[in-house]
Amino acid sequence: MLLRSELPARLLRFTRAERWVHRATAVLVLLCVATAACLYVPQLAELVGRRHLVVTVHEWSGLLIPAPFLVGLASRAFRSDLGRLNRFGPHDRQWLRAALRRDTSAASRPAGKFNAGQKLYAAWIAGAVLVMLGTGLLMWFTDLAPLVWRTSATFVHDWLALAMGLVIAGHIGMALTRPESRRGMRTGTVDRAWAEGEHPLWARELKDRSDLQDE
């Protein structure tokens, strides 16, 4: 029987299906951002050339971004984590207040499997992708809407693309400073001590579940 303090040294954080969804989505988003840069930055456009091919890759990579998400819905673990990301509780508000105060102590930043920052990032990216898809379709299929709509769609698409690029760069930068988070996404497991320090409510949930299974 496992006692409350005897969780395994490494804890399962993400299943293979969840890691596949993350990787496939990341590849499509980075491809979309890279081709957008080649279309809008003159120096890159001259270096790469073949504008028609770049446009085609950009359009299809953007259109396919929701595909890994939709396939991932077949995974129970993925659906469960979506539910976690969609719930914002009192501990998340406490985490945000501590972040605004730059208070990094573990006691001030209680977090479940996902902290408040990760939840806000996921919500922002999900909304941004939907807007990018909608405006992109208006720009791609020119007969869908009048000229004023297409002009507005282009404006929103371009500026939101820039914002997405900056936010994604920040996300990658944060990941580079957190090796255990990257290991969790790469291998699926994380160190127990890391989980208890960074996501204590999730670690406690795993302990409670283990105790129930052993009774």
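This one's a predicted model, so the numbers in the text were calculated from it and none came from an experiment.

Topic: the confidence of the model for the chain
Atom-level detail of predicted coordinates should not be read off regions where pLDDT is low.
And then number 1: The pLDDT averaged across the chain works out to 89; a share of 95% of its residues lies at or above 70.
And then number 2: Averaged pLDDT values over the elements of the chain bottom out at 79 in helix α11 (residues 200–214) and peak at 96 in helix α4 (residues 66–72).

Regarding a nonpolar patch on the surface
And then number 1: Taken together, W60, L63, L64, L137, F141 and L144 make up a surface patch of nonpolar side chains, about 550 Å² in accessible area.
And then number 2: Locating L63 in the fold gives a position in helix α3 (residues 51–64).
And then number 3: With relative accessibility at 33%, the residue L63 sits in the partly exposed group.

Considering the environment of F114
And then number 1: Along the chain, the position of F114 falls in the loop between α6 (90–100) and α7 (116–140).
And then number 2: For the pair F114 and F78, spaced 36 residues apart in sequence, the C-alpha to C-alpha distance is 13 Å.
And then number 3: Once residues lying within four places of it in the same chain are set aside, the contact partners of F114 are R13, F14, D81, R84, L85, D92, K119 and H199.

Some details on the nonpolar core
And then number 1: Core analysis: the biggest nonpolar cluster contains twelve residues, these being L28, V29, C32, I65, I125, A128, V129, M132, L133, L160, M164 and I168.
And then number 2: Of all elements in the fold, only α1 (16–40), α7 and α8 (147–176) reach the threshold of two or more residues within this core.
And then number 3: Residues contacting I168, with those up to four places away along its chain left out, are V29, L30, V33, Y121 and I125.
And then number 4: Listed in part, the eight residues of the second largest apolar core include L7, V190, W202 and A203.

A few points about the packing of aromatic side chains
Describing an aromatic ring pair means giving the distance of the ring centres and the angle of the ring planes.
And then number 1: Here the structure, examined in full by the defined rule, presents five aromatic pairs.
And then number 2: The side chain of R13 reaches across the aromatic face of W202, ending 5.0 Å from its centre.
And then number 3: One Lys or Arg, R109, reaches over the ring of W95 and ends 5.0 Å from the middle of that ring.

Points about the packing of α6 against α7
And then number 1: Relative orientation of the contacting elements α6 and α7 amounts to 95 degrees, with a least axis distance of 8 Å. When the axis of α6 is compared with that of α7, the two are roughly perpendicular. Here α6 contributes H91, D92, W95 and L96 to the contact with α7, which in turn contributes A116, G117, K119 and L120.
And then number 2: Residue composition of the contact of α6 with α7, by class: four nonpolar, two polar and two charged.

Observations regarding the packing of α1 against α3
And then number 1: Contact pair α1 / α3: the axes reach a minimum separation of 8 Å and the direction vectors enclose 145 degrees. In this structure, α1 crosses over α3, and the sense of that crossing is left-handed. Of the residues in α3, those touching α1 at L28, L31, C32, T35, A36, C38 and L39 are R51, V54, V55, V57, H58, S61, G62 and L64.
And then number 2: Partitioned by chemical class, the residues of the contact of α1 with α3 number ten nonpolar, four polar and one charged.

Quick word on unusual backbone geometry
And then number 1: A positive phi angle, near 60 degrees, is found at R102, a position not held by glycine.
And then number 2: Structurally, R102 is set in the loop between α6 and α7.

Brief notes about α8
And then number 1: With 30 residues, α8 extends 43 Å from end C-alpha to end C-alpha; this agrees with the ideal 44 Å at 1.5 Å per step.
And then number 2: Among all positions of α8, only A153, H157, L160, M164 and I168 are buried.
And then number 3: Buried-residue contacts for α8 involve α1, α3 and α7.

Calculation notes
- Residues numbered from 1 in each chain as written.
- Predicted model: local features only at pLDDT ≥ 70, side-chain atom pairs only at ≥ 80, totals over all residues.
- Heavy atoms only, no water.
- pLDDT = per-residue confidence, 0-100.
- Helix = DSSP H or I, 4+ residues; strand = E, 2+ residues; numbered from the N terminus.
- Patch = residues over 30% accessible without salt bridge, like charges linked within 9 Å, V, L, I, M, F, W, Y side chains within 5 Å.
- Areas by Shrake-Rupley, 256 points an atom, 1.4 Å probe, with all protein chains shown as cover.
- Salt bridge = Lys/Arg side-chain N within 4 Å of Asp/Glu carboxyl O.
- Buried < 20%, exposed > 50% of the residue type's maximum accessible area, 1.4 Å probe, protein only.
- Contact = heavy atoms within 4.5 Å.
- Core = buried A, V, L, I, M, F, W, Y, C linked by side-chain atoms within 4.5 Å.
- Phe/Tyr/Trp six-rings, centres within 6.5 Å; stacked < 30°, edge-to-face > 60°.
- Lys NZ or Arg CZ within 6 Å of the ring centre and 35° of its normal.
- Axes fitted to C-alpha atoms, helices over the stretch in contact; angles between N-to-C directions.
- Parallel < 35°, antiparallel > 145°, perpendicular 65-115°, else oblique.
- Nonpolar A, V, L, I, M, F, W, Y, C, P; charged D, E, K, R; others polar.
- Left-handed = near helix turned anticlockwise from the far one by under 90°.
- Expected span 1.5 Å × (residues − 1).

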